Amino acid sequence: MRAPEKDDSLPVISPEQLADADGLLFGFPTRYGSMAAQMKAFFDSTSELWQEQRLAGVPAGFFVSTGTQGGGQETTAWTAITQLAHHGMLYVPIGYTFGAGMFKMDSIRGGSPYGAGVFAGDGTRQPTEVELAFAEHQGKYMAALVKRFARPV
């Protein structure tokens, strides 16, 4: 794989910090059609939040990357939904709200009604303009929805 090394300047959220969020978008790579083990381990570390149901009612969604077109972008989201269900979180797919971009067939693009996605290949492929626009749309869509459901301060 030619994926870049982890950038240590990027902040890493702790499981406890999840409870402070009004909404969450989780992004992770796919491994054999489901989330990478590192992400599963992160979700496994949220058992205290689960016991107290501190994430119940929080909107959440996913965006993913796969190495190939048949790499399992949709199955990754399907299998990750179980994490949200156990926490009582509200799964927010983007459906076909991206409009015409969902139907573009003239170039390779990741993403599905379950969330934005990118085909990373061996780690050297950069996202296309459509994939970037899809991801931006998902972020704006989620932000608008979270705003509607946000807890009063």
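Residues numbered from 1 in each chain as written. Predicted model: local features only at pLDDT ≥ 70, side-chain atom pairs only at ≥ 80, totals over all residues. Heavy atoms only, no water.

**Q** For this particular structure, what's the right way to read empty space enclosed by the protein?
**A** Where empty space is left in the structure can be found by rolling a water-sized probe over the atoms. This model, assessed by the stated rule, comprises 1 cavity of 30 Å³ or more. If you add up the space inside the largest cavity, you get close to 40 Å³. Secondary structure elements with two or more residues in the lining of the largest cavity: strand E3 (59–66) and helix H3 (73–87). Broken down by class, the residue content of the lining of the largest cavity amounts to 6 nonpolar, 3 polar and no charged. (1 Å grid on protein atoms, 1.4 Å probe; cavity = no way out; pocket = protein on both sides within 12 Å on 5 of 7 lines; lining within 4 Å. Points joined across faces, edges and corners; volume = space filled by probe spheres on them. Helix = DSSP H or I, 4+ residues; strand = E, 2+ residues; numbered from the N terminus. Nonpolar A, V, L, I, M, F, W, Y, C, P; charged D, E, K, R; others polar.)

**Q** So what exactly am I meant to see when it comes to the packing of aromatic side chains here?
**A** The description of an aromatic ring pair rests on the distance of the ring centres and on the angle between the ring planes. One pass over the structure, following the stated rule, counts 8 aromatic pairs. Between Phe-42 and Phe-43, the aromatic rings sit 6.4 Å apart at their centres with planes inclined by 65°, giving edge-to-face as the arrangement. With a relative accessible area of 17%, Phe-42 lands in the buried category. For Phe-43, a relative accessible area of 4% corresponds to the buried category. An angle of 20° between the planes, with centres 5.5 Å apart, marks the rings of Tyr-96 and Phe-103 as stacked. Feature note: the residues Phe-26, Phe-28, Phe-42, Phe-43, Phe-62 and Tyr-91 constitute an aromatic cluster, connected by ring pairs. (Phe/Tyr/Trp six-rings, centres within 6.5 Å; stacked < 30°, edge-to-face > 60°. Buried < 20%, exposed > 50% of the residue type's maximum accessible area, 1.4 Å probe, protein only.)

**Q** When you look at H3 in this model, what are you seeing that I'm missing?
**A** Because an α-helix packs 3.6 residues into every turn, residues spaced three or four apart end up facing the same way. Taking 1.5 Å of rise per residue, the 15 residues of H3 would be expected to cover 21 Å, and the 22 Å separating its terminal C-alpha atoms lies within 8% of that figure. When H3 is considered as a whole, its buried residues turn out to be Gln-73, Thr-76, Ala-77, Ala-80, Gln-83, Leu-84 and His-87. Directly beyond the C-terminal end of H3, a positive phi value near 75° is found at Gly-88. (Expected span 1.5 Å × (residues − 1).)

**Q** Would you mind going over unusual backbone geometry with me for this structure?
**A** The general pattern is negative phi for most residues beyond glycine and trans for most peptide bonds. Phi at Tyr-32 takes a positive value of approximately 55°, unusual for a residue other than glycine. Residue placement: Tyr-32 occurs in the loop between strand E1 (24–31) and strand E2 (34–35). Classification of Tyr-32 as exposed rests on a relative accessible area of 86%. Of note in this structure, Gln-53 is not a glycine but carries a positive phi near 50°. Turning to its location among the elements, Gln-53 is positioned in the loop between helix H2 (47–52) and E3. Relative accessible area serves as the criterion here: at 33%, Gln-53 is assigned to the partly exposed category.

**Q** Help me understand the environment of Gly-61, please; the structure alone is not making it clear to me.
**A** Looking at the element boundaries, Gly-61 is found in strand E3. As for Gly-61 and Gly-95, which are separated by 34 residues in sequence, their C-alpha atoms are 11 Å apart. Excluding residues within four positions of it along the chain, Gly-61 makes contact with Leu-24, Leu-25, Phe-26, Tyr-91, Val-92 and Met-142. (Contact = heavy atoms within 4.5 Å.)

**Q** Teacher, can you tell me more about the pattern of salt bridges here?
**A** Once their charged atoms are close, side chains differing in charge can pair, the charge on each being opposite to the other. Scanning the model with the defined rule gives 5 salt bridges in all. Note that Glu-52 and Arg-54 form a salt bridge whose closest N and O atoms lie 3.7 Å from each other. Within this structure, Glu-16, Glu-52 and Arg-54 form a network of salt bridges that share partners. (Salt bridge = Lys/Arg side-chain N within 4 Å of Asp/Glu carboxyl O.)

**Q** Help me out: how do you make sense of the layout of surface pockets in this one?
**A** As a volume, the largest pocket reaches approximately 1400 Å³. Among the elements that make up the lining of the largest pocket, the one with the highest residue count is E1 (8 residues). Here the lining of the largest pocket is built from residues that sort into 25 nonpolar, 13 polar and 6 charged. Looking at the second largest pocket, the residues that line it are Gln-69, Gln-73, Glu-74, Lys-104, Ser-107, Ile-108, Arg-109, Gly-110, Gly-111, Ser-112 and Phe-119. Looking at the lining of the second largest pocket, its residues break down into 2 nonpolar, 6 polar and 3 charged.

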